[in-house]
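Analysis of the macromolecular model
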Amino acid sequence: DAGVIQSPRHEVTEMGQEVTLRCKPISGHNSLFWYRQTMMRGLELLIYFNNNVPIDDSGMPEDRFSAKMPNASFSTLKIQPSEPRDSAVYFCASSKTGGSNQPQHFGDGTRLSIL
Amino acid sequence: QQQVKQSPQSLIVQKGGISIINCAYENTAFDYFPWYQQFPGKGPALLIAIRPDVSEKKEGRFTISFNKSAKQFSLHIMDSQPGDSATYFCAAINSGGSNYKLTFGKGTLLTVNP
């Protein structure tokens, strides 16, 4: 089975540019999560979708961050305008709905560097 | 507020030795405690998990010990192998509340020397 697929794997861009990260969840999973990982803060949940609807976006750091899930097989995380402090590894994860009994499956992440 | 505290930050073990990673939590509503393993360039992957109604869970060389009264749990890796070298994260979740929300520890970088 294909796992969670994220693209691009690496992104280097200049401050002020728009950045779009993409995620394809595992087929049949109806929960999707975006995380950010940094050395200082560890793994942080940014936003959670269930059945394509944003349920919890309390982790989104600023209005510069936005996420969409137009259908069950695709989600985007957008940063506009980007800043150097946004540099991090961004992970997408998916699971079947059902709470803690349903493990979250992570993609391999997008390493974002903002110069 | 760090709700799950993990230690040590890094750990070096000889091949065949026992690796022990400890976590402590504050929120007594947490009722599911998974451990994730992350290799460089990869996302975290679920390794093993425990609920507080048992004090220990073993899967192969990996064992979780759980102390509910102390609000602590630990991962033991027996007969550690170089292939176990990775970053390990403990996590906690409240099944009755925001049951999707994993609270992660900061991670432990394990190096197993040959």
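Residue positions are given per chain, counting from 1 as you read along its sequence in written order. Written order decides the labels, with chains lettered from A and ligands numbered from 1. Totals for whole chains, interfaces and linings use every residue, but because this is a predicted model, local features are given only for residues with pLDDT of at least 70 and side-chain atom pairs only at 80 or more, for both listing and counting. Excluded from the side-chain calculation are hydrogens and water; included are all heavy atoms of the structure.

**Structural notes on the packing of aromatic side chains**
How two aromatic rings sit relative to each other is given by the distance of their centres and the angle of their planes. Residues and elements named next belong to chain B. Selection rule: Pairing of aromatic side chains requires ring centres within 6.5 Å, counting the rings of Phe and Tyr and the six-membered ring of Trp. Pairs whose planes differ by under 30 degrees are stacked, by over 60 edge-to-face, and all others tilted. Secondary structure elements follow DSSP: runs of H or I of four or more residues count as helices, runs of E of two or more count as strands, with numbering from the N terminus. Accessibility here uses a 1.4 Å probe with only protein chains present; expressed as a share of the type maximum, an area under 20% marks a residue as buried, one over 50% as exposed, and anything in between as partly exposed.
Enumeration over the complete set of coordinates arrives at 17 aromatic pairs over all chains. A ring pair is formed by Phe 33 and Phe 66, whose centres lie 4.8 Å apart and whose planes are at 45 degrees; its orientation type is tilted. In this pair, Phe 33 sits in strand 4 (residues 33-38) while Phe 66 sits in strand 7 (residues 62-67), placing the two residues 33 residues apart along the sequence. Relative accessible area serves as the criterion here: at 0%, Phe 33 is assigned to the buried category.

**Some points on the nonpolar core**
Soluble, globular proteins show a tendency: their nonpolar side chains are buried together. Residue and element names in this part refer to chain B. Going by this rule: Among buried residues, the Ala, Val, Leu, Ile, Met, Phe, Trp, Tyr and Cys ones that are joined through side-chain atoms within 4.5 Å form a nonpolar core. Here, residues are in contact when the closest pair of their heavy atoms is within 4.5 Å.
Counting residues in hydrophobic clusters, the biggest one holds 24 residues, and the most contacted among them are Phe 33, Trp 35, Phe 73, Leu 75 and Tyr 88. Contributing elements (two or more residues each) for this core: strand 2 (10-14), strand 3 (19-25), strand 4, strand 5 (45-50), strand 7, strand 8 (72-77), strand 9 (86-92) and strand 11 (108-113). In terms of residues, this core owes the most to one element, strand 9, which gives 4 residues. Contacts of Phe 33, omitting those with residues within four sequence positions, involve Tyr 25, Ile 48, Ala 49, Ile 50, Pro 52, Ile 64, Phe 66, Phe 73, Ala 91 and Ala 92.

**Quick look at the interface of chain B and chain A**
Interfaces are often sized by the accessible area lost when the parts come together. Quick note on the threshold: Throughout, buried area stands for the accessible area (probe radius 1.4 Å) lost by two parts on being put together, summed over both. Should a side-chain nitrogen of Lys or Arg be within 4 Å of a carboxyl oxygen of Asp or Glu, the pair is scored as a salt bridge.
The interface of chain B with chain A comprises 18 residues on the first partner and 21 residues on the second. Buried area between chain B and chain A, both sides added, is near 1,600 Å², and the carbon and sulfur share of it is 54%. Its largest share of buried area at the contact with chain A, chain B owes to Pro 44, Tyr 100 and Phe 104 of chain B, together 33% of the area lost on that side. Here chain B and chain A share 2 salt bridges between them.

**As for the sheet that holds strand 1 (residues 4-7) of chain B**
Residues and elements named next belong to chain B. Note the threshold: A strand pair is defined by DSSP finding two or more bridges across the two strands. Only the stretch in contact is used when fitting a helix axis, every axis being a line fitted to C-alpha atoms; angles between N-to-C directions are given from 0 to 180 degrees.
Ordered in space as 1-3-8-7-6, the 5 strands form an open sheet in which the pairing is antiparallel. For this open sheet the edge positions go to strand 1 and strand 6 (56-59), each flanked by a neighbour on one side alone. The average undirected angle you get between the axes of adjacent strands in this sheet is 15 degrees. Here strand 7 runs beside strand 8; their pairing, made up of 6 bridges, is antiparallel. Among the inter-strand pairings, Asn 67 is bridged to a residue of strand 8, identified as Gln 72.

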